[in-house]
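# Results of the structural survey
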Amino acid sequence: MIASDLAQDLLARALARGGDLAELYVEERSGLGLTLDDRRVERPQSGREIGGSIRVVVGDSTYFGHVDGLAEGDLRRVAESVSQAVSGDRHEPAALSAAAEPAEAYEIAQRPESVDATTKAEILRACDEAARALGDEVSQVTVSYAETRRRVQVFNSDGVNAADDRTRVRIGAQVVARRNGTVETGHETRGGHAGFELVAERPEEVAEKAARKALTMLDAVDAPTGRMPVVVGNGFGGVLLHEAVGHGLEADAVQKRASIYSGRLDEQIAPDFLVAYDNGSKPGEWGSDGIDDEGTPTQQTTIIENGRLTSYLYDLLRARKDGVASTGNGRRESFRHIPVPRMTNTYFANGNATPEELIEGVERGLYAVSFGGGQVEPATGDFVFGLSEGFLIENGKVTKPVRGATLIGNGLEVLQLIDGVAADLSIATGFCGKAGQRVAAGVGQPHVRIQSITVGGTAS
């Protein structure tokens, strides 16, 4: 999209009045979205945009500008405009490294754009039929399909010349079930950094799972209240780790002393069998890329090892401040945004137990399969999460579904009270919001058992 000699020129213009780092970020994005609602497929929503941004960093200050399109004159004007905000001596950028080919970390077996929209619409109709076939109590089905492709280039004054080609595909279903005035909803998704092959095989399973959740919840009883053991499910159960722990490990919060994990590196914060990662290079996963949005190769970062806190999650700026290397967590929503430290795919490593063994060890407790909304305060670690799917555990067995359950606790406390981890890691698709930006993030874990946590319920 941008030749190296033009990028070199733009970086030099951006540093004409000084700066510690200059960066050029270029992006071309295209996508397609289809939705079926009330048995009708809406018109495909497609789009394409291209643009670039330039930032100059001086100490703790960032000066930033962006432009739609990649006309050379417009890019030069942005570079000169950003440089005028700086007052200092000219800084010459390092020579850019050899032109980088797009990262090829993830194989795309079938390009989504090569499949016609009619085929994609038929998938949505098949999902609708599969959900409704599970019972007359299924009253509403909404199924969505989305594909995106992002081609990015990143150049900076340290000589970085990197590129990435990112394709994501996702199908999601929401099913509503009704019975005698009771209404319940079930959700399910399938997605990843992959091509159309991800949804080509048995996509109906997504809608069937969502429908079974909604139908099951029609028989739900009011959730209990009080402290009790909780077994948290794999996949979407990882929202608890993502929110209650992960955000507190992002280096911007840590450096501002706005995280409960500030100053705790090498501290034992969990049982010695617990290991956790943030891994933006995990093949095929929703939050994976070849490079982050600053051109740093993604990697597996061990954040908890044998119960010790071993790393924070860094972008380039916060890494420079702490004198460490970036962990490849500088992420941005688009060329219109500055990068900030963000999680990629964050999860506990597999343990040695089975889900059945974790459940069998609970006389009376809660099985928290997945979470809906919640609130977390990173500075204290305190959180409140609502369950979207949960069950009672009675005498070591999963029994009745429950409604109206919330988990109330503290991230550090919960880590210390984990007493069992299964060997069934699963990572689900999520979107994470921070700093006014929304990015794809993989949330997941194996089944995990917490010895005791406060459950807020509705049972009298």
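Here the residue numbering is sequential within each chain, running from 1 through the sequence in written order. Two thresholds apply to this predicted model, a pLDDT of at least 70 for residue-level local features and 80 or more for giving and counting side-chain atom pairs, whereas whole-chain, interface and lining totals are computed over all residues. The basis for every side-chain value is the complete set of non-hydrogen atoms in the structure, without hydrogens or water.

### Focus on the packing of aromatic side chains
For clarity, the threshold we go by: In summary, the pairing rule links any two rings of Phe, Tyr or Trp, Trp by its six-membered ring, whose centres are within 6.5 Å, and it sorts them by plane angle into stacked for under 30 degrees, edge-to-face for over 60 and tilted for everything else. Helix and strand definitions here come from DSSP, where helices need a minimum of 4 consecutive H or I residues and strands a minimum of 2 consecutive E residues; each element is numbered from the N-terminal end. For the exposure calls, accessible area comes from a 1.4 Å probe over protein chains only, and a residue counts as buried if that area is under 20% of its type's maximum, exposed if over 50%, partly exposed in between. Comment: the charge-over-ring label is applied if NZ (Lys) or CZ (Arg) is within 6 Å of the ring centre and within 35 degrees of the ring normal.
If you walk through the whole model with that rule in mind, you get six aromatic pairs. The interplanar angle of 55° and the centroid separation of 5.9 Å between the aromatic rings of Tyr277 and Tyr347 together place this pair among those described as tilted. Pair noted here: Tyr277 is in strand E10 (residues 276–279) and Tyr347 is in strand E15 (residues 345–348), with a separation of 70 residues, a long-range link. Ring geometry for Tyr367 versus Phe391: centroids 6.3 Å apart, planes at 35°, classification tilted. Linking Tyr367 in strand E16 (residues 364–377) with Phe391 in strand E17 (residues 382–394), this pair joins segments that are 24 residues apart in sequence. Owing to a relative accessible area of 14%, Tyr367 belongs among the buried residues under this scheme. Looking at Phe391, the relative accessible area reads 13%, which means it is buried. One aromatic cluster in this structure is built from Phe371, Phe383 and Phe385. Positioned above the aromatic ring of Tyr25, the side-chain terminus of Arg332 is 3.9 Å from the ring centre.

### Some points on helix H3 (residues 117–132)
Short version of the rule: Given a helix with a known number of residues, its expected span is that number minus one, times 1.5 Å. Note on contacts: a residue pair is in contact if any heavy atoms of the two residues lie within 4.5 Å. Any pair of nitrogen or oxygen atoms within 3.5 Å is treated as a polar contact; in protein, a donor-acceptor pairing is required on top of that, and neighbouring residues in sequence qualify only through side-chain atoms on both sides.
A rise of 1.5 Å per residue sets the reference length of H3, with its 16 residues, at 22 Å; its end C-alpha atoms lie 23 Å apart and thus fit the reference within 8%. All buried positions along H3 are accounted for by Lys120, Ala121, Ile123, Leu124, Cys127, Asp128, Ala130, Ala131 and Arg132. Residues of H3 that are buried make contact with strand E1 (21–37), strand E2 (40–41), strand E5 (138–156), strand E6 (161–179), helix H4 (197–200) and helix H5 (204–217). If you check the start of H3, you find a side-chain oxygen 3.1 Å away from the backbone N of Thr118, and it comes from Asp116.

### Brief notes about helix H2 (residues 72–83)
Short version of the rule: Arc, as used here, means the arc of the directions from the helix axis to the C-beta atoms.
Relative to the 16 Å expected for twelve residues at 1.5 Å per residue, H2 spans 17 Å between its end C-alpha atoms, a close match to the ideal helical length. Turning to H2, its buried residues are Leu75, Val78, Ala79, Val82 and Ser83. Mapping the buried residues of H2 onto a view down its axis gives an arc of 130°, with all of them on the same face.

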